[in-house]
Amino acid sequence: MSDCRDEIASKLHDAFQRKQALQIKAGSTKQFYGRDIQAEALSLTDHSGIIEYEPSELYITARSGTPLREIEQTIAEQQQILPCEPPYFGATATLGGTIACGLAGPRRASAGNVRDCILGTEILNGKGELLRFGGKVMKNVAGYDVSRLMCGALGTLGVLMSVSLRLLPKPACEQTIVLALDSSTAISKMNQLANTPMPISATFYDGHELYIRLSSSLSAVEACKNEIDGEIVNNNDMFWTNIKEQTHDFFNSDEPLWRISVPPSTETLNISGENVIEWNGALRWYKSDADESTIRTEAERVRGHATLFKGNTTNQIFHPLPVSSMKLHKKLKQVLDPVGILNPGKMFAEL
Amino acid sequence: MYTPISTVDLVKQFHSVLPKDAVLDKDEQLRPYECDALTAYRQLPRLALLPSNIEEIQAIVKICKEYKIPIVARGAGTSLSGGALPHADGILLNLAKLNKVVEIDTKNRTATVQPGVRNLAISEAVKPHGLYYAPDPSSQIACTIGGNIAENSGGVHCLKYGLTIHNILALKILTIEGEILELGGKNLDSSGFDLLALMIGSEGMLGVTLEATVKLLPHPHDKKVLLAAFDQIQKAGDAVNGIISNGVIPAGLEMLDQLTIQATEMYCSPGYPSNAAAILICELDGYDEELETQVQLVKKILIEHQAIEVRVAKDKQEAELLWLGRKASFPALGNLTPDYYCMDGTIPRKHLAHVLESISNLSAKHGLRVANVFHAGDGNLHPVILYDANVPGELETAEKLGGEILVLCVEVGGTITGEHGVGVEKLNQMCVQFSEAELNTFHAIKAAFDEDGLLNPGKAIPTLHRCAELGAMHVHHGKLPHPDLPRF
């Protein structure tokens with residue numbers, strides 16, 4: 001529970017002088033995500049603590065090393081939630097890692113991505129300069145949106161010092177219903193339901209059954225339940241925690257796990273291997289031994305992209321970028337990290 | 001900085017890639033472009049160009065890159081911050097002809113549109129499918145999606161449905177290098193950095209928007225509108241906190257102060273309680289059963305916060321009447337005064353009482369009346385300074401007062417602009433909000449995309465040497481371009 005900005009800034013400044021590559025670390029729960037890199041560790045674990053929490057203003061500001069658990073417990077006391085429902089992948093998960101990885105959970109399709117709940121960030125750039133972007137208010141259009149650019153950049157553009165997040169009220173009632181459907185029908189069902197005003201907050205298809213979570217007032221949930229007409233799932237919270245944390249049986253495997261992001265109504269993909277579907281069809285997980293290029297080509301065919309989420313065999317984790325885009329990526333990296341010391345190579349070898 | 005090429009030669013260059021009537025060079029042809037809705041700033045461009053397709057835009061950008069000619073893209077020209085103010089040496093790129101809805105994809109709930117498509121036209125086009133595009137800036141009948149993207153426009157309903165950034169899925173961008181960047185997609189994330197987020201709200205300085213894919217939402221089952229009156233503005237502020245703390249996110253939550261209530265009553269008689277110090281207008285939407293629960297809850301909260309009157313609109317007509325005064329606030333205030341100047345600061349709501357009191361003190365200090373109308377739910381203030389430009393010095397006083405209000409917003413942890421953008425208007429206050437290192441970062445990002453500084457130069461980010469003079473949204477005797485547009 002302390003403010004270590006000065007100490008971290010001086011470490012960064014020193015690394016900048018020495019051109020010493022750094023690997024940013026805190027809870028180490030998402031270390032698997034991204035390319036393997038070797039560099040001197042820069043720990044954010046001690047830079048922890050909630051700085052400001054205003055339940056009636058729907059925001060919280062906390063240091064990057066703050067345990068995600070601490071944040072979620074604190075806001076839960078006021079009946080609030082992080083809209084993007086981020087996964088932990090381990091008890092020590094921190095706010096910084098959550099933002100840097102930018103991975104959202106089951107609520108993504110209805111409540112937005114991790115970057116959608118970012119209001120502002122304070123970062124240290126690759127020279128150790130402290131910079132603030134965005135703020136604490138939802139509407140803020142002053143300056144380029146550098147704070148959201150940090151989200152999902154895997155620490156390659158700056159070391160997060162603190163983040164302000166927008167919160168949402170916890171729904172009064174959440175229930176899950178399940179329908180037995182084949183894959184193609186499940187995909188169209190999810191999208192058909194998403195076209196209605198029903199308060200659907202998550203969907204999951206395991207290859208046989210479609211799970212639909214409703215989040216609203218008790219009366220609205222009851223009404224929708226009757227309209228969709230499926231079986232009720234008893235342990236609602238546990239079920240979605242297992243999806244979010246990948247402790248569901250499907251994820252219990254040593255096969256490479258591919259995360260394929262596609263337009264939601266895309267038909268079943270031509271990729272071998274068992275798969276499950278989230279986000280109204282927009283997120284497909286595949287356990288597959290198919291070779292990388294086959295999977296990436298298929299993702300591109302449907303205008304999506306593929307990430308080798310687990311089972312790093314090639315060290316080509318993320319979907320390759322077009323040349324023009326990579327050129328800009330390199331220039332932006334140069335702007336924020338001129339000597340390339342922040343998690344170099346974590347996302348792409350060139351960055 | 002700019003390569004000397006005569007305007008005659010430049011016209012010849014553009015005639016080789018555009019139809020003759022798409023190149024405007026006569027004074028009377030250029031006059032309509034000399035300002036946007038921030039009329040205090042005027043500048044004729046060297047030329048105005050009216051491309052009608054992507055190939056023509058590419059050809060224009062290529063010529064501009066070669067001769068280092070500044071480019072200012074423009075949609076409907078409704079910016080309140082001078083974002084589309086022309087550059088004296090540059091061309092004005094009017095994208096109005098690119099006004100086609102390219103695709104409506106009901107299965108994925110998206111619409112792909114050209115940049116010149118009007119905001120409201122998107123919702124109109126997809127209405128038969130029961131869908132709509134959520135962000136609704138007050139100028140939505142006229143403003144274009146290209147401009148919305150440049151400004152990251154908000155609106156009355158962004159408390160619940162987000163700003164432009166939360167509702168754009170993909171962009172096709174032309175860089176100054178002539179390359180087409182495809183950012184985002186109909187899927188929900190992308191590989192690499194979030195360039196889509198960086199592009200939205202960048203005020204046309206990083207690329208030219210060629211096409212946008214927007215997220216569509218199903219219409220809510222129903223909506224309800226409530227009005228509550230308070231004898232103290234602080235009680236109204238507390239009630240806003242009460243509503244949100246109780247887990248309700250209204251679709252819209254607006255506050256009007258006494259001066260505004262009186263002005264609207266004189267202007268269009270919406271029937272607001274005339275003895276109120278402040279009123280709140282609260283719109284709730286949702287699934288039928290949920291909505292009824294929320295209406296009852298909000299009513300209870302308003303009464304607990306000592307509202308002197310609470311009304312729930314019985315039908316659509318009454319709901320529209322409740323909204324009428326709010327939507328007519330600016331023209332109503334315009335009736336009280338020859339000129340007014342509207343600010344756009346946003347604050348954390350807990351500082352509301354302090355900020356309103358300070359505004360009132362500043363108002364007394366400078367001897368100008370200030371009315372307060374604002375998006376209460378998200379803390380986006382629109383203090384309106386009433387003045388008379390014909391009284392020597394009053395314009396300067398209004399600008400000074402406005403500037404001090406924005407500094408106050410920054411001091412309490414807010415921002416100088418919630419939804420109108422920096423443009424040329426708030427360059428000075430940018431220096432208050434951002435440090436030298438932060439401004440340098442912005443300039444370096446600009447240079448990463450546009451080395452020669454050709455895209456909308458001089459906007460949004462002040463140079464370190466020159467924290468420019470303060471500008472304003474000045475409405476002189478109601479002579480605003482688009483006087484027909486509502487502004488709220």
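Anything mentioned here points back to the structure above.
In what follows, the accompanying structure is described. (Residues numbered from 1 in each chain as written. Chains lettered and ligands numbered in written order. Predicted model: local features only at pLDDT ≥ 70, side-chain atom pairs only at ≥ 80, totals over all residues.)

Let us now look at the overall build of chain B. Scanning chain B from terminus to terminus reveals 16 helices and 19 strands. Over its C-alpha atoms, taken along the principal directions, chain B stretches across nearly 70 × 60 × 40 Å. By the burial criterion, 57% of the 488 residues in chain B qualify as buried. Looking at chain B alone, contacts between residues at least 24 apart form 72% of all its contacts between residues at least 6 apart. (Helix = DSSP H or I, 4+ residues; strand = E, 2+ residues; numbered from the N terminus. Buried ≥ 20, exposed ≤ 12 C-beta atoms within 10 Å, placed from the backbone. Contact = placed C-beta atoms within 7 Å.)

Residue and element names in this part refer to chain A. The eight strands are arranged S13-S10-S12-S11-S15-S16-S14-S17 in an open sheet whose pairing can be described as antiparallel. The open sheet is flanked by strand S13 (231-233) and strand S17 (305-310), the only strands paired with a single partner. Neighbouring strand axes in the sheet, compared pairwise and without regard to direction, differ in orientation by 25 degrees on average. Relative to strand S15 (residues 275-278), strand S11 (residues 200-205) is paired through two bridges, and the arrangement is antiparallel. Bridging from a neighbouring strand, Tyr-205 pairs with Ile-277 of S15. (Pairing = 2+ DSSP bridges. Axes fitted to C-alpha atoms, helices over the stretch in contact; angles between N-to-C directions.)

What follows covers the sheet that holds strand S8 (residues 168-174) of chain B. All names here are of chain B. Overall, antiparallel pairing links the five strands, which are arranged S5-S6-S10-S8-S9 in an open sheet. Both edges of this open sheet fall to strand S5 (101-105) and strand S9 (180-184), since each of them pairs with a single strand only. The average angle at which neighbouring strand axes cross in this sheet is 10 degrees, direction not considered. Relative to strand S10 (residues 208-215), S8 runs antiparallel, the two sharing six bridges. Considered in S10, the bridge of Ala-170 is made with Thr-213. Seen against the sheet, helix H3 (residues 54-67) touches S8 and S10 and runs at an angle of roughly 140 degrees to S10. Along the sheet face, helix H4 (residues 119-126) touches S5, strand S6 (110-113) and S10 and points at about 130 degrees away from the line of S6.

Moving on: the interface of chain A and chain B. Residue-level contacts link 66 residues of chain A with 69 residues of chain B. Within the residue set of the side of chain A that touches chain B, elements represented by two or more residues are helix H4 (108-111), strand S7 (130-134), helix H5 (146-150), helix H6 (183-194), helix H7 (218-228) and helix H10 (323-336) of chain A. Residue contributions to the side of chain A that touches chain B peak at seven residues, all from H10 of chain A. A per-class count over the side of chain A that touches chain B returns 31 nonpolar, 22 polar and 13 charged. (Nonpolar A, V, L, I, M, F, W, Y, C, P; charged D, E, K, R; others polar.)

These values are about where atoms sit, not about what they do.
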